[in-house]
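Chain by chain, the residues:
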Amino acid sequence: MSVWRIKGGSALEGSLTIQGSKNAVLPILAATILTGCETELTNCPALRDVEASLNILRYLGCRVERQEDVIRVDSRPMTGCVIPCELTREMRSSVIFLGAVLARCGEARLSMPGGCELGPRPIDLHLSAMEALGSQVRGEGGEIFCSAPMLRGGIVHLELPSVGATENAMIAACAARGETVITNAAREPEIVDLQNFLRAMGADIDGAGTPVVTIHSFTPADRVGYRIMPDRIAAATMLCACACAGGDVELRGIDSRQTESVTENLEAMGAEVARQSHRLRIRCRQRLRGGRTVITQPYPGFPTDAQPLMMAASLKAEGTTVFVENIFTNRYRQTEELKRLGADIRTEGRVAIITGVERLHGAPVRAEDLRGGASLILAGLGAEGETAVTDRGHVDRGYEGLDKALNALGAQVIKYESEN
Ligand code: UD1
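These lines cover the structure that appears in this document, whether it is placed above or below.

What counts and how
- Residues numbered from 1 in each chain as written.
- Predicted model: local features only at pLDDT ≥ 70, side-chain atom pairs only at ≥ 80, totals over all residues.
- Heavy atoms only, no water.
- Salt bridge = Lys/Arg side-chain N within 4 Å of Asp/Glu carboxyl O.
- Helix = DSSP H or I, 4+ residues; strand = E, 2+ residues; numbered from the N terminus.
- Expected span 1.5 Å × (residues − 1).
- Buried < 20%, exposed > 50% of the residue type's maximum accessible area, 1.4 Å probe, protein only.
- Polar contact = N/O pair within 3.5 Å; in protein donor to acceptor, adjacent residues only side chain to side chain.
- Pairing = 2+ DSSP bridges.
- Axes fitted to C-alpha atoms, helices over the stretch in contact; angles between N-to-C directions.
- Near = heavy atom within 4 Å.
- Areas by Shrake-Rupley, 256 points an atom, 1.4 Å probe, with all protein chains shown as cover.
- Phe/Tyr/Trp six-rings, centres within 6.5 Å; stacked < 30°, edge-to-face > 60°.
- Lys NZ or Arg CZ within 6 Å of the ring centre and 35° of its normal.
- Core = buried A, V, L, I, M, F, W, Y, C linked by side-chain atoms within 4.5 Å.
- Contact = heavy atoms within 4.5 Å.
- Parallel < 35°, antiparallel > 145°, perpendicular 65-115°, else oblique.
- Left-handed = near helix turned anticlockwise from the far one by under 90°.
- Nonpolar A, V, L, I, M, F, W, Y, C, P; charged D, E, K, R; others polar.

Quick word on the pattern of salt bridges
For side chains of opposite charge, pairing can occur when their charged atoms come near one another.
Now for step 1: Under the defined criterion, the tally for this structure stands at 27 salt bridges.
Now for step 2: With a shortest N-O distance of 3.6 Å, Arg-76 and Glu-38 are connected by a salt bridge. Note that Arg-76 is positioned in the loop between β5 (70-74) and β6 (82-83) and Glu-38 in strand β3 (residues 38-42), a separation of 38 residues in sequence.
Now for step 3: Taking the shortest distance from any N to any O, the salt bridge between Arg-366 and Glu-368 comes out at 3.3 Å.

A word on helix α12 (residues 370-381)
Now for step 1: Compared with the 16 Å implied by 1.5 Å per residue over 12 residues, the 17 Å span of α12 between its first and last C-alpha is a close match.
Now for step 2: With 12 of 12 residues buried, α12 lies mostly within the body of the structure.
Now for step 3: Buried within α12 are the following residues: Leu-370, Arg-371, Gly-372, Gly-373, Ala-374, Ser-375, Leu-376, Ile-377, Leu-378, Ala-379, Gly-380 and Leu-381.
Now for step 4: For α12, the capping residue at the N-terminal end is Asp-369, with a side-chain oxygen 3.5 Å from the backbone nitrogen of Arg-371.

A short note on the sheet that holds strand β4 (residues 63-67)
Now for step 1: Ordered in space as β4-β5-β3-β14, the 4 strands form an open sheet in which the pairing is mixed. This sheet does not close on itself; its edge strands, each paired only once, are β4 and β14 (223-227). Neighbour-to-neighbour, the strand axes of the sheet open up by a mean angle of 10°, direction not taken into account.
Now for step 2: Across 4 bridges, the pairing between β3 and β5 is antiparallel.

Thoughts on unusual backbone geometry
Now for step 1: Of note, the amide linkage connecting Tyr-299 to Pro-300 takes the cis form, showing an omega dihedral of 10°.
Now for step 2: One non-glycine residue, Asn-43, adopts positive backbone phi at about 65°.

Regarding the site of the ligand
Now for step 1: Around the ligand there are 17 residues in total, and Asp-124, Leu-125, Ser-162, Asp-305 and Ile-327 lie nearest to it.
Now for step 2: In the model, an oxygen atom of the ligand is placed 3.0 Å from a nitrogen or oxygen of the Asn-23 side chain.
Now for step 3: Burial of the ligand by the protein chains amounts to 83% of its free accessible area of 750 Å².
Now for step 4: Every element with two or more residues in the shell around the ligand is listed here: α5 (124-132) and α6 (163-174).
Now for step 5: Broken down by element, the shell around the ligand gets its largest block of residues, 3 residues, from α5.

A short note on the packing of aromatic side chains
Now for step 1: The full count for this structure, using the stated rule, is 1 aromatic pair.
Now for step 2: Aromatic pair Phe-197 and Tyr-226: ring centres 5.7 Å apart, planes at 75°, arrangement edge-to-face. Within this pair, whereas Phe-197 is found in helix α7 (residues 189-201), its partner Tyr-226 is found in strand β14, the two being separated by 29 residues in sequence. With respect to class, Phe-197 is no different from Tyr-226; both count as buried.
Now for step 3: In this structure, Arg-138 packs its charged tip against the face of Phe-145, placed 4.7 Å from the ring centre.

A look at the nonpolar core
Now for step 1: Grouped together as the largest cluster of nonpolar side chains are 77 residues, with contacts concentrated most on Leu-29, Ile-33, Leu-57, Phe-97, Ile-182 and Leu-198.
Now for step 2: Those residues in contact with Ile-182 that sit more than four places away from it in its chain are Val-156, Leu-158, Thr-166, Ala-169, Met-170, Pro-211, Val-212, Val-213 and Ile-215.

Focus: the side chain of Thr-387
Now for step 1: Note on placement: Thr-387 falls in strand β23 (residues 386-391).
Now for step 2: Looking at Thr-387, the relative accessible area reads 0%, which means it is buried.
Now for step 3: Those residues in contact with Thr-387 that sit more than four places away from it in its chain are Trp-4, Arg-5, Ile-6, Leu-341, Gly-362, Ala-363, Val-365 and Gly-380.

Here's the deal with the environment of Thr-219
Now for step 1: Here Thr-219 lies in the loop between β13 (212-218) and β14.
Now for step 2: Given a relative accessible area of 58%, Thr-219 falls into the exposed group.
Now for step 3: Residues Thr-219 and Met-201 lie 18 residues apart in sequence; the distance between their C-alpha atoms is 7.9 Å.

A look at the packing of helix α8 (residues 232-245) against α12
A packed helix pair is summarised by two numbers, namely the angle formed by the two axes and the spacing between the axes.
Now for step 1: One way to put it is that α8 packs onto α12 with a least axis distance of 8 Å and a crossing angle of 25°. Regarding the angle of α8 to α12, the classification is roughly parallel. Judged by the sense of rotation from one axis to the other, the crossing of α8 with α12 is right-handed. Of the residues in α12, those touching α8 at Ile-233, Thr-237, Cys-240, Ala-241, Cys-244 and Ala-245 are Arg-371, Leu-378, Ala-379 and Leu-381.
Now for step 2: Looking at the contact of α8 with α12, its residues break down into 8 nonpolar, 1 polar and 1 charged.

That's the geometry; what it means functionally is another story.
See below:
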């Protein structure tokens, strides 16, 4: 159990470089096994989910090395096609290995842990994408079996633009005979990053970033080098941290277009934002204004992962801010805990209504999920007195040294491990 002790009231000042993207590196690590080759990835964040992926790769027989932000995977010795429960339990998004293992081995067996903290997390779209590529799919006793001695290209239509299902289909389609067209594909920047990585691996693929992705052919490379994109949600976290605490913060090493829906909202609330292509500067010198409706949507709409962060930034904003969560059913778990800090929040189904308060006060609270946990830490920065966030490791799944990054900007955050 980690405890984050936040002494609120210090404005944030300074500049920092944003970590590599969690949601980009996970599918790319899975894709390294598409063929037997050596891959070197740079800008990899040090996160629990990344470690869990490396353990899966090791279990499958790959040689894996990590040195600071560089991960080397040699997938030539890979032999396994089964991922057991002990490993999939460690990472909710381990289903992302399905397409890659199937593509490499002609079969895949994955243990699927049940629902997760954001509500039911179905994988029907992943499975129907594998079927559309000619795989047989069976589910039994919490395990998924896929088998396709030869995958064949075709049309993969996704009922919803699921990020993970799009990634799984792109990876599996590389090994399919003939062309694959994915329609209603997710358009998130991480999909574009995966496309760029697959190109480096030898795929002739285009369309990522639009609703139609086409995989034409694949000529495997022996060695691949690739740099992971910056983490747009970590960037959103720092922007919202500045909105909560006040101050003047510059973010480097980012793509400022990818955080546009977040910066636009913060500007409308009264923050000053200066953009350059790989830098952003945010200044929050006075009380922010509420009044906007924040509606989560697939990219380029407002990201569901940034919703709890923007909520923290709205708690003291003057007026009323409405949130509509359209992606996950259980994504307001932070609200009860935020109320302990004095926040005025009403929730009804998909909608949350925040009435800005003048002051928040520190209190003991509990992180229930990754971004919800970050939201509590951010709210603590803007609260009077001390907030103690207890967390069963959720926040470390997504942030590399969040405490150190905040402290480097002048925050007062102490993180320690506790027995209970
Ligand atoms: C990814 C991100 C996660 C982000 C989410 C939405 C990773 C590792 N995680 O998750 O941080 O919050 O995108 O931007 O990249 N759905 C189905 N059937 C399926 C798959 C999904 O009904 O087979 C539904 C989900 O329940 C959800 C919606 O589709 O309501 C979007 O989920 P999806 O885009 O698949 O999210 P993930 O890929 O799991």
